[in-house]
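# Fold and geometry: a report
Here is how the chains run, residue by residue.
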Amino acid sequence: MTRTAGRLADGREIVYFDEAAGRVPVPDPRDLPAVRPHCETRRDPLTGDWVTVTAHRNARTFLPPPDQCPLCPGGPASEVPDAGYDVVAFENRFPSFDARTPDVPPGVDGRELFERRRGDGRCEVVCFTDDHGAAMASLPIPRIRTVIEAWADRTEALSALPGVAQVFVFENRGVEIGVTLHHPHGQIYGYPFITPRTRRMLTTAAAHTARTGRDLFADVLEAERAGPRVVRAGEHWTAYVPAAARWPVEVHLTPHRHVPDLAALTGAERDELAVLYRDLLRRCDALYGTPLPYVAGWRQAPAAEGRDLLRLHLELFSVRRAADKIKYLAGSESGMAAWINDVPPERVAARLRDA
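Residues numbered from 1 in each chain as written. Predicted model: local features only at pLDDT ≥ 70, side-chain atom pairs only at ≥ 80, totals over all residues. Heavy atoms only, no water.

### With respect to the environment of Ala239
Here Ala239 is to be found in strand 11 (residues 237-240). Sequence-distant contacts of Ala239, defined by excluding residues within four places in its chain, comprise Arg229, Val230, Val231, Arg232, Val251, His252 and Leu253. (Helix = DSSP H or I, 4+ residues; strand = E, 2+ residues; numbered from the N terminus. Contact = heavy atoms within 4.5 Å.)

Written out as structure tokens, the structure reads:
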């Protein structure tokens, strides 16, 4: 894999990950205005959670026709000026977090109670292929392996940036999930704070270690591997439906040793991951005989704390609860964060094994 960096017309960074050497990036011909993001985070005084406000994102591209896709290479609307690519990552034109955001007053309405901060950080788009009609599940194993290299590279790069507390690598697929572009791609968020779900995991893992002297993620993996919900297992990874799955389709893919993030994976672990991840995606698509809408997100340890507590793992979930039914987040989930799952995890695991 060869890594080549360049700049887009408005100064944003673009990085190519090629399976053959020799790329010389093409200059971006567009006349783009300078990036002027305005991202801010506001702390909810009742929960302590940070909420991000980004008015400029409301104008982002929404489901354009294929001939105007900004992720297809070389077109007039393309974010990728080159005529073709294997895998490419670039700074999001409509970021949720950006270090170029101007400073904001410390409190909303001038009140210290409503704490406010500049939305520092970074957001990137990762395109898995230049083929608009492809999908991650349809890519050859060597290409998925290149995607993993890109994920690891960008995780390491964003984790080292000032102001980034945690890096989240994820892919959304399907209009039911809320995608705004159909081209196969994912995103990477460099958050300026540790997300609420990660903070809860760290607290729970620390309490488990204090009580038992053991690693929570190792104990969960051992118990799941001995149970009925394993979907697929290899030498380095196991995919399973968690015992307390929130979603009608939910699978976790976890490494067998403690790894804090994607950048820390060995070559052998990355090789097997490419095979198992594609297999998992294909099993998901076979559930209902049609492409499954999903979110696939890599839970990684924060950049500077809890790296001995939180183990890297993938959480893939779908809102589809039957071939013709979607799970909508109703009052209990949206209002109280108290999840109700209509589909027993053991049944989903058995169906995925048979798919």
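Following the structure, the description resumes.
### Notes on the sheet that holds strand 2 (residues 13-18)
Taken in spatial order, the 11 strands of this open sheet run 1-2-5-7-9-8-13-14-12-11-10, and their pairing is antiparallel. The sheet terminates laterally at strand 1 (2-7) and strand 10 (230-233), the two strands that pair on one side only. Between one strand and the next, the sheet's axes are offset by a mean angle of 20°, whatever the strand orientation. Here strand 8 (residues 166-173) pairs with strand 13 (residues 294-299) via five bridges, running antiparallel. Note that in strand 13 the partner of Val169 across the bridge is Trp298. (Pairing = 2+ DSSP bridges. Axes fitted to C-alpha atoms, helices over the stretch in contact; angles between N-to-C directions.)

### Some details on unusual backbone geometry
If you check the backbone angles, Asp109 has positive phi at about 60° while not being a glycine. Residue class for Asp109 comes out exposed when judged on its relative accessible area of 67%. (Buried < 20%, exposed > 50% of the residue type's maximum accessible area, 1.4 Å probe, protein only.)

### A short note on the nonpolar core
Counting 52 residues, the largest nonpolar core has Met136, Trp151 and Trp298 as the members making the most contacts within it. Ignoring anything within four residues of it in the chain, the contact list for Trp298 reads Trp151, Phe168, Val169, Trp237, Leu253, Leu262, Leu273, Leu312, His313 and Leu314. Counting 13 residues, the second largest nonpolar core, distinct from the first, contains Leu8, Ile14, Val80 and Leu181. (Core = buried A, V, L, I, M, F, W, Y, C linked by side-chain atoms within 4.5 Å.)

### Here's the deal with the packing of aromatic side chains
Applying the stated criterion across every chain yields a total of 13 aromatic pairs. An angle of 85° between the planes, with centres 6.3 Å apart, marks the rings of Phe128 and Trp151 as edge-to-face. Here Phe128, found in the loop between strand 7 (122-127) and helix 1 (141-159), pairs with Trp151, found in helix 1; they are 23 residues apart in sequence, far enough to count as distant. Using a relative accessible area of 0% as the deciding quantity, one classes Phe128 as buried. Since its relative accessible area comes to 4%, Trp151 is described here as buried. Ring centres 4.4 Å apart and planes at 10° place the aromatic pair Trp247 and Phe317 in the stacked group. (Phe/Tyr/Trp six-rings, centres within 6.5 Å; stacked < 30°, edge-to-face > 60°.)

### Description of the side chain of Thr101
Along the polypeptide, Thr101 turns up in the loop between strand 5 (87-91) and strand 6 (116-118). The exposure class assigned to Thr101 is buried, which follows from its relative accessible area of 3%. Beyond its immediate sequence surroundings of up to four residues, Thr101 is in contact with Pro37, His38, Cys39, Arg118 and Gly119.

### Considering the environment of Pro70
Secondary-structure assignment places Pro70 in the loop between strand 4 (50-53) and strand 5. Residue Pro70 is classed as buried on the basis of its relative accessible area of 10%. Sequence separation of Pro70 and Leu181 is 111 residues, and the distance between their C-alpha atoms is 8.5 Å. Beyond its immediate stretch of four places on either side in the chain, Pro70 contacts Pro64, Ala77, Ser78, Glu79, Val80 and Leu181.

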